[in-house]
Amino acid sequence: QFLAQALQRMIRTGMFATDRVARFLKQGGPDAVLAGVDRLQLTSGHARRTYYSALLAQADLTSPQLTRMLDSVATMTSDHEKGTLLTQILQERSATDEQRVMVARAVGKINSDHEQRRVLSAALDVPSLSPALVNAVLETVGTINSSHERSQVLRAVAAKGAVTAQTTERFMSLVTTMTSSHEQRQVLAA
């Protein structure tokens, strides 16, 4: 009984996650892994991120599966773990534009301005930006309070040529609500 309880505690910390994910994938694919993670009732954001990272490394997820994972991100308490997982999703070769939009919207559930900026910068790291992705990023940038962090994202949007007739009004409202004149100047110069 002691050994069984000790193993359960280790499993709930994320130990053996790579092996458990591989086993679940053989038994029923990514849905089995997502169900297994739900059954574990993980309270640690680190453990949840460890399982999801192992899943991302071992399988390609469909949009519904990714949506299910992103819904679970909201329950994680650590902004760092959320940011790390969302960035990993964006770095997947198979990440679609729709999934990038979903991640950009999920960033709004992160409290840390630094982590928000880190994930949004990763979302913008593509050769060309779709209007849907630009809109999702600009929508989420409004939740970044730090003028410095907001400025970095807005400069990246400008550098990608995404300030268009359709986005100018929203973009400029995000610039004018920044509290730092220096950061406003940096964005406008970009």
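Below: a short report on this structure. Note on numbering: residues in each chain are counted from 1, in written sequence order. In keeping with the model being predicted, local features are shown solely for residues with a pLDDT of at least 70 and side-chain atom pairs are shown and tallied solely at 80 or more, while totals for entire chains, interfaces and linings include all residues. Remark: hydrogens and water are excluded; side-chain values derive from all non-hydrogen atoms of the structure.

## Some words on the overall build of the chain
(1) Moving on: Secondary structure counts use DSSP, requiring at least four H or I residues in a row for a helix and at least two E residues in a row for a strand, with both numbered from the N terminus. Tallying secondary structure elements over the chain gives 11 helices and 0 strands in all.
(2) Moving on: Taken along the three principal axes of its C-alpha coordinates, the chain extends 65 × 30 × 20 Å.
(3) Moving on: Classification of the 190 residues of the chain by burial places 49% in the buried group.
(4) Moving on: Intrachain contacts of the chain at a sequence separation of at least 6 include 65% that bridge at least 24 residues. For every residue, the accessible area obtained with a 1.4 Å probe (protein chains only) is divided by the maximum for its type, and the residue is called buried under 20%, exposed over 50%, and partly exposed between those limits. It only takes one pair of heavy atoms within 4.5 Å for two residues to be counted as in contact.

## Some remarks on the packing of aromatic side chains
(1) Moving on: Pairs were defined over the aromatic rings of Phe, Tyr and Trp, the Trp ring being its six-membered one, requiring ring centres within 6.5 Å. Orientation was assigned from the angle between planes: stacked under 30 degrees, edge-to-face over 60, tilted for the rest. Enumeration according to the criterion identifies 0 aromatic pairs in this entry.
(2) Moving on: Charge over a ring is defined by NZ of Lys or CZ of Arg lying within 6 Å of the ring centre and within 35 degrees of the ring normal. For Arg 23, the ring lying beneath its charged end belongs to Phe 24, and the centroid distance is 5.9 Å.

## Overview of the nonpolar core
(1) Moving on: Judged by nonpolar contacts, the single largest core of 58 residues is most densely connected at Leu 55, Met 69, Leu 70, Leu 86, Ile 89, Val 137 and Leu 154.
(2) Moving on: Ignoring any residue separated from it by four or fewer positions in sequence, one finds Met 69 in contact with Leu 34, Tyr 52, Leu 55, Leu 56, Leu 61, Leu 85 and Ile 89. Only buried Ala, Val, Leu, Ile, Met, Phe, Trp, Tyr and Cys residues count toward a nonpolar core, and they belong to the same one when joined by side-chain atoms within 4.5 Å.

## A word on the side chain of Asp 79
(1) Moving on: Turning to its location among the elements, Asp 79 is positioned in helix H5 (residues 79–91).
(2) Moving on: Residues scored as charged are limited to Lys and Arg (positive) and Asp and Glu (negative), so that His and the chain ends carry no count. Put simply, a salt bridge is a Lys or Arg side-chain nitrogen that is within 4 Å of an Asp or Glu carboxyl oxygen. Of the side chains with opposite charge, Lys 82 lies nearest to the buried Asp 79, which makes no salt bridge, at 4.1 Å.
(3) Moving on: In contact with Asp 79, not counting residues within four places along its chain, are Ile 110, Asn 111, Ser 112 and Glu 115.

## Description of the pattern of salt bridges
(1) Moving on: All chains considered together, the criterion is met by 6 salt bridges.
(2) Moving on: Among the ionic pairs, Glu 115 bridges to Arg 118, the shortest N-O distance being 2.7 Å. Taken together, the positions of Glu 115 and Arg 118, both in helix H7 (residues 113–123) and 3 residues apart, correspond to about one turn of that helix.
(3) Moving on: Ionic pairing is found between Arg 117 and Glu 149, a salt bridge with its closest N-O pair at 2.7 Å. A residue pair is termed long-range when its members are at least 10 positions apart, and Arg 117 in helix H7 and Glu 149 in helix H9 (residues 147–159) qualify at 32 residues. Each member of the pair, Arg 117 together with Glu 149, is buried.

## Some words on the packing of helix H10 (residues 168–176) against helix H11 (residues 181–189)
(1) Moving on: Between N-to-C directions, angles span 0 to 180 degrees; the directions come from axes that are lines fitted to C-alpha atoms, helices contributing only their stretch in contact. Packing of H10 against H11 leaves a shortest axis separation of 9 Å and a crossing angle of 155°. When the axis of H10 is compared with that of H11, the two are roughly antiparallel. Here Phe 171, Met 172, Val 175 and Thr 176 of H10 come into contact with H11, specifically with Gln 184, Val 187 and Leu 188.
(2) Moving on: Basically, the charged four are Asp, Glu, Lys and Arg, the nonpolar ten are Ala, Val, Leu, Ile, Met, Phe, Trp, Tyr, Cys and Pro, and anything else, Gly included, counts as polar. Of the residues assigned to the contact of H10 with H11, the class counts are 5 nonpolar, 2 polar and no charged. With respect to orientation, any angle under 35 degrees is reported as roughly parallel, any angle over 145 as roughly antiparallel, any angle of 65 to 115 as roughly perpendicular, and every other angle as oblique.

## Let's talk about the packing of helix H2 (residues 17–40) against helix H4 (residues 63–73)
(1) Moving on: Following both chains from N to C, one finds H2 and H4 inclined at 15°, their axes separated by 10 Å at the closest point. On the basis of the axis angle, H2 is roughly parallel to H4. Crossing of H2 against H4: the hand is left-handed. Where H2 abuts H4, its residues Pro 30, Asp 31, Leu 34, Ala 35 and Asp 38 lie against Gln 65, Arg 68 and Met 69.
(2) Moving on: Among the residues forming the contact of H2 with H4, the class breakdown is 4 nonpolar, 1 polar and 3 charged. Left-handed describes a crossing whose near helix is turned anticlockwise from the far helix by less than a right angle; the clockwise case is right-handed.

## Some points on the environment of Pro 131
(1) Moving on: Here Pro 131 lies in helix H8 (residues 131–141).
(2) Moving on: Considered as a pair, Pro 131 and Ser 121 are 10 residues apart in the sequence and their alpha carbons are 16 Å apart.

## Section: helix H6 (residues 97–106)
(1) Moving on: Counting buried positions over the 10 residues of H6 gives 7, a clear majority of the element.
(2) Moving on: Those residues of H6 that fall on the buried side of the exposure criterion are Gln 99, Arg 100, Val 101, Met 102, Val 103, Ala 104 and Ala 106.

## Let's talk about the environment of Arg 170
(1) Moving on: Relative to the helices and strands, Arg 170 resides in helix H10.
(2) Moving on: Here Arg 170 falls in the partly exposed class, since its relative accessible area comes to 36%.
(3) Moving on: Residues Arg 170 and Phe 2, 168 residues apart in the sequence, show an inter-C-alpha distance of 58 Å.
(4) Moving on: In contact with Arg 170, other than residues within four places in its own chain, are Asn 135, Leu 138 and Glu 139.

Keep in mind these numbers describe shape, not what the thing actually does.
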